[in-house]
Structure formats: C-alpha cells, structure tokens
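Spelled out from the first residue to the last, the chains are:
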Amino acid sequence: LTQDELKKIAAYKAVEFVESGMVLGLGTGSTACHAVAKIGELLQQGKLKNIVGIPTSKKTHEQAISVGIPLSDLDSYPVIDLAIDGADEVDPFLNLVKGRGGSLLREKMVEGACKKFVVIVDETKLVNYLGESKLAMPVEIVPFCWKFTARRLELMFEEAGCVAKLRKVSEDGEIYVTDNGNYIIDLYLKKDIGDLKVASDEILRLAGVVEHGMFLDMATTLIVAGKLGVTVRNK
Ligand code: DER
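Fair warning: this is a prediction, and the values are worked out from it, not measured in the lab. All residue numbers here refer to positions counted from 1 along the written sequence of the relevant chain. Totals for whole chains, interfaces and linings use all residues, but because this is a predicted model, local features are given only for residues with pLDDT of at least 70 and pairs of side-chain atoms are given and counted only at 80 or more. For the side-chain quantities, the full set of heavy atoms in the structure was used; hydrogens and water were omitted.

Caption draft 1: Region of the structure containing the sheet that holds strand E2 (residues 52-55). Read across the sheet, six strands follow the order E2-E1-E3-E6-E12-E13 without closing on themselves; strand pairing throughout is mixed. One side of each edge strand has no neighbouring strand; the edge strands of this open sheet are E2 and strand E13 (229-234). Going across the sheet, the axis of each strand differs from the next one's by a mean of 20 degrees, ignoring polarity. A pair of strands counts as paired when DSSP detects no fewer than two bridges linking them. Comment: elements are numbered from the N terminus, with helices defined as DSSP H or I runs of at least four residues and strands as E runs of at least two. As judged from the three bridges shared by strand E1 (residues 23-26) and strand E3 (residues 80-85), these two strands associate in the parallel manner. Residue pairing for E3: Leu24 is matched across the bridge by Leu82. We call two residues in contact when some of their heavy atoms are within 4.5 Å. Only C-alpha atoms enter the line fits that serve as axes; for helices the fit covers just the stretch in contact. Angles between N-to-C directions range over 0 to 180 degrees. Strands in contact with helix H1 (residues 3-15) are E3, strand E6 (114-122), strand E12 (221-226) and E13; relative to E6, the strand with the most contacts, it is inclined by about 155 degrees.

Shown next, in the form of structure tokens:
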C-alpha cells in the first residue's frame, strides 16, 4: 500500500463518523482532501444529507465547492460538530504538529470550535515526542519586521539548537503568504522543545506572532492507517 492509499484509508474511516445534518470542519492537506472528496461523493449519492462544511483554507474551500459540499463559516456556525484533518506529527498524547501545509491558523480556529476533532494520519506521522521528526515547527507571524520576530523565536529556543527559516514559495525567493496575508517562520529544533504548554505560551506571548503549529489537547480521536491495518483511538 502506498502512503497515499494509507491516507485514503484513514480518511474514509473518519468519514464513517459523519452523520446527516452535521456541521463539519473540513481539513487541509493530502490526507484531509480524501475525506473532503468522500463527503462530496456521499452527498452526491444521497447517502449523506444536510451537511454544512467549514473549510480550513482557501484550497479546501475550492475543493469542497468542486465536490458539492455546501459551505459556511465560523461566524454563522461558531460551534462545529466534527472536524476531520491531517497532521504532520502525532505524539502518544494526541498532541499534534500541523501547518507544514501553511493552513495552521484557520485549522486551529476551526478545530478549536469543534465538539469532536478526528485526526487522520498514515503511520509515518507517529512520533514519541513533538519535534522528533526534526522537520519544521511552523509559526505564523505578521510580515512587519519578520526578521526581528524570527530572531526572537530562534533565541527563545536557543538551548534546543533552534534555527528559524522564513518559508518561501520556492527556492527563487518568493516569500510564502498565508490565506490571512501573514508569513510563516519554520523552526528547526535539534533537541526536544521541553514542556509543550510552556513553549506554546512563550511563543504566543511574543508580539508579532499570530499562531503556531502545536495543537495541544485538541484532538479527540486518532485514526492511523498502517501496513497492519487501520486503528481508531479515542483520547
Ligand atoms: O498543514 C497542515 O496543517 C496539514 O493538515 C498537515 O498537518 C497534514 O498534511 P498532509 O495530510 O498532507 O500530510
């Protein structure tokens, strides 16, 4: 089974939790897009009815429209029944790293408004602690004096050997701009970031920071698709 097939298996399993009449948070990324497609298919077949989707990115907004999912937003639906989204890393306590696809702010807003947040991953996303993959820990910041903010973030996690990089669209140097008109600083840590809640609060206290990609104590259910099959685990 390819990684994409595993992502599809996890996504389809999560869609089994969807009931007619639900308001759904629609995630962003290569795993969540399978769930969005499946929901559209079930609506089209009449197996699901009266669904309202709350997209977590412009990209998901477009995909949802293309598959016929009626859409609305948090202003109209401040409480959401169920969100389905992927993750970049999942630790044993269902803490997540998200945002390597650039949508962390709207994802965190939508998923923070949900009664149930189902995370769908292939087994490669499982880690012993957040940051273990040594890949990017994204932080969305305002563009104003981004170098200042990047440097402050780097110094904040100096002991963990932190290097802060401004996310670019491509090597040619065009700066990546989020759906919200902000920049993303990717933090690369050589060592464990320590207490996640402490790190989270410290990052959010820095003026210029909008939000970060650690989703702590938010997920309620984890669906993992692996070589041995698919597992569902509630927090
Ligand atoms: O960027 C994001 O937040 C995505 O949801 C990411 O966490 C998972 O993306 P993937 O399903 O393409 O790996």
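Caption draft 2: The arrangement of the pairing of E2 in detail. Note on classification: 1.4 Å probe, protein chains only; a residue is buried when its accessible area is under 20% of the maximum for its type, exposed when over 50%, partly exposed between these limits. Of the two faces of E2, the one lined by Val52 and Ile54 and the one lined by Gly53 and Pro55 are each fully buried. Clockwise travel from the first strand over the helix to the second, with the strands pointing away from the viewer, marks a crossover as right-handed. Read as a crossover between parallel neighbours, the route from E1 over helix H2 (residues 32-44) to E2 is right-handed.

Caption draft 3: Region of the structure containing the packing of aromatic side chains. When two rings of Phe, Tyr or Trp (its six-membered ring) have centres within 6.5 Å they constitute a pair, described as stacked for plane angles under 30 degrees, edge-to-face for angles over 60, and tilted for the intermediate range. Going through the model one piece at a time under the given rule, you end up with zero aromatic pairs. Lysine and arginine charges are scored as sitting over a ring when NZ or CZ, respectively, is within 6 Å of the ring centre and within 35 degrees of the ring normal. Here Lys98 stacks its cationic end above the ring of Phe215, 5.7 Å away from the centre of that ring. Positioned above the aromatic ring of Tyr188, the side-chain terminus of Lys165 is 4.9 Å from the ring centre.

Caption draft 4: How the structure looks around the sheet that holds strand E4 (residues 89-90). Taken in spatial order, the three strands of this open sheet run E4-E5-E11, and their pairing is antiparallel. Strands with a single pairing partner mark the edges of an open sheet, and in this sheet they are E4 and strand E11 (214-215). Bridge count for E4 against strand E5 (residues 96-97) is two bridges, and the pairing is antiparallel. Note on E5: the bridge partner recorded for Val90 is Leu96.

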